[in-house]
Amino acid sequence: MKRKLINWLGLLGIVQLISYAAALVFSPLAFPGYNWMEQAASDLSAVNAPSLVLWDQLSALYQSGSVVCVTCVSIFVSEKKVSTRLFRVGVYLFTIMNWISNVGYTMFPLDNSGKEIAGYQEIGHMVVTVFVVLLSIVSLVLLIIAGCKDKKVRGIGIWAAIALAMMFMGPIGMAAFPPELFGVFERFSTLAAVGYTALLGVCLFSGFKNEEAHS
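Residues numbered from 1 in each chain as written. Predicted model: local features only at pLDDT ≥ 70, side-chain atom pairs only at ≥ 80, totals over all residues. Heavy atoms only, no water.

(A) Here's a closer look at the packing of aromatic side chains. Evaluated as defined, the whole model comprises eight aromatic pairs. With 5.1 Å between their ring centres and 70° between their planes, W8 and F205 make a pair best called edge-to-face. Of this pair, W8 sits in helix α1 (residues 5-8) while F205 sits in helix α8 (residues 182-205), and the two are 197 residues apart along the sequence. We classify W8 as partly exposed; its relative accessible area is 45%. Overall, F205 belongs to the buried group, its relative accessible area being 18%. Taken together, the ring pairs connect Y20, W55 and Y62 into an aromatic cluster. It is R3 that lies over the ring of F205; its NZ or CZ is 3.9 Å from the centre. (Phe/Tyr/Trp six-rings, centres within 6.5 Å; stacked < 30°, edge-to-face > 60°. Helix = DSSP H or I, 4+ residues; strand = E, 2+ residues; numbered from the N terminus. Buried < 20%, exposed > 50% of the residue type's maximum accessible area, 1.4 Å probe, protein only. Lys NZ or Arg CZ within 6 Å of the ring centre and 35° of its normal.)

Take a look at the structure:
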């Protein structure tokens, strides 16, 4: 297929995944005493975190790349009428989730890393998290159902099921295992969305195999 600019922008899905992974791996080096197995990833980008500058530098391409990638995916599936309407709605909701995540967490970063939720910024952060989680679940469920109904996007539906399982693995693990492992399971949830964004980016790069289905 002859790729257009919008298809090439799908590669930002891979870029944002690498950027986020780099921030997760290297930002703790600038945070003395940080325990990745026990603490949340968001502690690294808290207002008073010593790792904030390094986190912002390493995650810069994640923050912009994820939004551009999923927005282009939404535009492409809308214009090309990829798969069913249910599939496209799932993609749109996943895109909205990414926008809320990007804008919301920028507006309401955690004020105190690893401390109790008290100030308006922490409350705002938790409200954003609620919307992000709900939209993630709803969008992935829709994509799973769409994959079951349309074999052309079945692979995308299977990966949506894997991403959803990872999201649920986070809270289940937090409840079932000691607090010392909170950070491990919290990362399952965060990496699920980032990884699925990368998958959609790869699908965009391939033009969703140029297959158009009836809406």
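(B) Up close: the environment of S27. Mapping S27 onto the fold places it in the loop between α2 (12-26) and α3 (52-58). Contacts of S27, omitting those with residues within four sequence positions, involve A22, L44, S51, L54, W55 and L58. (Contact = heavy atoms within 4.5 Å.)

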